[in-house]
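Descriptive structure summary
Residues per chain, in single letters:
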Amino acid sequence: MHSKEKPMPNFKYRLIVNHIIDEIEREQIKGKLMSVRELAKIRGVGVSTVVQAYYELEKQGWIEARPKVGYFVINKKSITPPNYGKKINYIQAGLSLNKAVQFSFNDPNILPLSCTAPSSVIDNELLLNRLHKKALKHRPYQLIMQDPIEGLPSLRQAITQHLAKSNQIFKPEQILINNGRRDGLMTALIATQTLTGPIAIESPMSFFFQSILKQINANVIEIPIQERYQDELNLLSTAYQLQPFKTYLINPNFADPTGRVLSNKDKLALIQWAEKHEVTIIEYDRGELHFGTHRPCSIASLVTPNSHCRIITLSDFYDTLSHTINLGYLICTNTLDPCLFAKQIISEEPNLCLQYMMIELMQSKQFAQLMRQLHTRLKANYTSALSLLLPSFNQINRADFYYSQVAGGPCLWIKLPDHLSSETLWEQAIAAKLSIAPGAMFSFNQDYQSFFRITFALPWDRQMEAGVKRLGELILAYTRA
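Since we're looking at a predicted model, the values are computed, not measured. (Residues numbered from 1 in each chain as written. Predicted model: local features only at pLDDT ≥ 70, side-chain atom pairs only at ≥ 80, totals over all residues. Heavy atoms only, no water.)

**Concerning the packing of helix α6 (residues 125-135) against helix α13 (residues 352-363)**
As a reminder, the rule being used: In this description, a line fitted to the C-alpha atoms serves as the axis of each element, helices being fitted only across the stretch in contact, and the angle between N-to-C directions of two axes falls anywhere from 0 to 180 degrees. In DSSP terms, a helix is any run of H or I states spanning at least four residues, a strand is any run of E spanning at least two, and both are numbered starting from the N terminus. Small angles under 35 degrees read as roughly parallel and large ones over 145 as roughly antiparallel, with 65 to 115 read as roughly perpendicular and the rest as oblique. Residues count as neighbours in contact if any of their non-hydrogen atoms are within 4.5 Å of one another. All residues other than Ala, Val, Leu, Ile, Met, Phe, Trp, Tyr, Cys, Pro, Asp, Glu, Lys and Arg, Gly among them, are scored as polar; the first ten of these are nonpolar and the last four charged.
With their axes 8 Å apart at the nearest point, α6 and α13 run at an angle of 110° to one another. With respect to their mutual orientation, α6 and α13 come out roughly perpendicular. Where α6 abuts α13, its residues Leu-127, Leu-128, Leu-131, His-132, Lys-134 and Ala-135 lie against Cys-353, Tyr-356, Met-357, Glu-360 and Leu-361. Here the contact of α6 with α13 is composed, by residue class, of 8 nonpolar, 1 polar and 2 charged.

As structure tokens, this is what we get:
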């Protein structure tokens, strides 16, 4: 009896921590928090429980204690994001890859904080095995079968129903099922006829985008991210005037690597800009990886019925279900015919068994439940990682040091003081059996030398905990050296 009652104080303080974080994120709590005694009385707990909760919140960087005054919410938005410059780079992408970093992804002796695999935080093997057995009843491997090039109608319908839950309204006819994000991006590039012409892309860019563009030796125009989005659109206009382009590649939600999320106002401004300049937007939407209650919408979902803006939205189940699954979809907004034609040219039919598995998962409402579990786990990983890094971060001069304020996605973007190189830190991390992703990986022009990215979206265990803590120590030592 007594042994069962012991975890209760810990449980109560965790409830208080989670509740306050949720209130801060929804901006229900601003400025000063309740006193320890006042909150203890309201929650019906001991003073020590509230003290423990406030200590944890302080350790995680949500609040700060001011002696003889009280506890206050830290305004994370007040942390000034870094300046990525305004130089527009025109680059022939080339074929070389950062092979050393790539190799570290697969070295069993190195903790791969440099790569992202958000779906790996939950082991879905048993679920996938059960779904596979059910899918076999549909005889997906029978010899005589006409597969719809667009994908199974019931899966396309299930996807639109899932998106509708976040107020994103699409028709099943706009959905094209494909073999994952790589297949989707190649289809989009062919559909927009940009394989031989210039293509604009936000910078720093998704390493997924970069790896594809390098392989096809693309003619890339890098548009540096700006703190004020209108300045970014102005750079887009300048680049377009100097060298017109047909396509703009962007991560509007939880951009890899910076974790940026564009507001709806900024997304609407981009739609207006793209329509005016007759530029097609290819967006890689990772909005499914949000932590909070309101999923950031895709750019495509904001297009009005009378708009002529052309958008191709890439989405897949690599991020959300398993990195072993090659299945995804395109949402085609005023781009269906060229995407369908491109898909017929370059793509094999998406695996029928996987399609039936996803139909079962989404129609049974298991997918929504799985997404809630994924968001909870990703957020827990992030708060755990940050609590391990903050003791080191808090000892570094903040005037020239930055880390991104994460609301979703799998990555934390960190800027070292300008005179320091993330590649040097990478070498030190590798020696400690850790791998980070240096900023130069996210630009064709080898920019962002003082930046690097790490992931918290890996299975959280003792190795992960020890590795993140050790990385914090390495960062502190390197900045002091």
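**Quick look at the sheet that holds strand β15 (residues 437-438)**
Strand pairing in a sheet relies on backbone hydrogen bonds, with the paired strands running either antiparallel or parallel. Which entries qualify depends on this criterion: Pairing between two strands is assigned when DSSP locates at least 2 bridges connecting them.
Taken in spatial order, the 4 strands line up as β12-β13-β16-β15 in an open sheet, and their pairing is antiparallel. The outermost strands of the open sheet, each flanked by one partner alone, are β12 (402-403) and β15. Where β15 and strand β16 (residues 451-455) come together, 2 bridges link them in antiparallel fashion. Its bridge partner being in β16, Pro-438 is matched across the sheet by Phe-452.

**With respect to the packing of helix α8 (residues 181-191) against helix α9 (residues 207-215)**
Put simply, the test is: Left-handed describes a crossing in which the near helix is turned anticlockwise from the far one by less than a right angle; the clockwise case is right-handed.
At their nearest, the axes of α8 and α9 sit 11 Å apart, and the two run at 60° to each other. Considering the angle they form, α8 stands oblique to α9. Handedness of the crossing formed by α8 with α9: right-handed. For the pair formed by α8 and α9, the contact residues are Arg-181, Arg-182, Leu-185, Met-186 and Leu-189 on the first element and Phe-208, Phe-209, Ser-211, Ile-212 and Leu-213 on the second. Partitioning the contact of α8 with α9 into residue classes produces 7 nonpolar, 1 polar and 2 charged.

**Observations regarding helix α11 (residues 264-277)**
Where we set the bar: Expected helix span is taken as 1.5 Å per residue step, with the number of steps being one fewer than the number of residues.
If you check α11, its first and last C-alpha atoms are 20 Å apart, about what 14 residues at 1.5 Å a residue would give, namely 20 Å. Those residues of α11 that are buried lie in contact with α10 (229-242), β8 (247-250), β9 (280-284) and β10 (311-316). Immediately downstream of α11, the backbone of Glu-278 shows phi near 55°, a positive value.

**Concerning the side chain of Lys-415**
The condition that has to hold: The buried label applies to any residue whose accessible area, calculated with a 1.4 Å probe on protein chains only, is under 20% of its type's maximum; exposed applies above 50%, and partly exposed to all values in between. Here a polar contact is taken to be a pair of N or O atoms separated by no more than 3.5 Å, where protein atoms must pair a possible hydrogen donor with a possible acceptor and residues adjacent in sequence count only if both atoms sit in side chains.
With respect to the secondary-structure elements, Lys-415 resides in strand β13 (residues 411-415). What makes Lys-415 buried here is its relative accessible area of 10%. Within the structure, the side chain of Lys-415 is placed 3.2 Å from the side chain of Asp-400, a separation counted as a polar contact. Look past the residues within four positions of Lys-415 in its chain and what remains in contact with it is Pro-82, Asp-400, Phe-401, Tyr-402, Ser-450 and Phe-451.

**Observations regarding helix α16 (residues 462-480)**
Since there are 3.6 residues in each turn of an α-helix, residues three or four apart along the chain are aligned in direction. Taking 1.5 Å per residue as the helical rise, α16 with its 19 residues ought to reach 27 Å, and the 27 Å between its terminal C-alpha atoms agrees with that figure. Taken together, the buried positions of α16 are Met-464, Gly-467, Val-468, Leu-471, Gly-472, Leu-474, Ile-475, Leu-476, Tyr-478 and Thr-479. Buried residues along α16 sit in contact with β4 (111-112), α14 (366-393), β13, α15 (422-431), β14 (434-435) and β16. The N-cap of α16, judged by a side-chain oxygen 3.2 Å from the amide nitrogen of Gln-463 a few residues on, is Asp-461.

**Here we look at a nonpolar patch on the surface**
Using the following cut-off: Residues enter patches when their relative accessible area tops 30% and they take part in no salt bridge; the joining distance is 9 Å for like charges and 5 Å for the nonpolar side chains Val, Leu, Ile, Met, Phe, Trp and Tyr. Method for areas: the Shrake-Rupley scheme with a 1.4 Å probe, in which residue coverage is limited to the protein chains shown. When a carboxyl oxygen of Asp or Glu is within 4 Å of a side-chain nitrogen of Lys or Arg, the pair counts as a salt bridge.
A cluster of nonpolar side chains, Phe-341, Ile-345 and Ile-346, forms an exposed patch at the surface whose accessible area comes to about 300 Å². With respect to the helices and strands, Ile-346 occurs in helix α12 (residues 336-346).

**Focus: the confidence of the model for the protein**
Which entries qualify depends on this criterion: Values of pLDDT, which run from 0 to 100, indicate the predictor's confidence residue by residue.
Averaged over every residue, the pLDDT of the protein is 88; residues scoring 70 or more account for 92%. Note on residues 1-9: pLDDT under 50 across the span, and 1 contact to partners over four residues away in sequence or across chains.

**Observations regarding the state of the cysteines**
Convention followed: Disulfide assignment relies on a single distance test, namely cysteine sulfur atoms paired within 2.5 Å.
With the rule as written, the count across this model stands at 0 disulfides. Cys-297 forms no disulfide, and the closest cysteine sulfur to it belongs to Cys-309, at a distance of 13 Å. Classification of Cys-297 as buried rests on a relative accessible area of 10%. As a non-bridged cysteine, Cys-411 has Cys-115 as the owner of its nearest cysteine sulfur, 9.5 Å distant.

**A word on the side chain of Glu-232**
Mapped onto the elements of the fold, Glu-232 is located in helix α10. Looking at Glu-232, the relative accessible area reads 0%, which means it is buried. Setting aside anything within four residues of it in sequence, one finds Glu-232 in contact with Ile-223, Pro-224, Ile-225, Gln-226, Tyr-248 and Arg-260.

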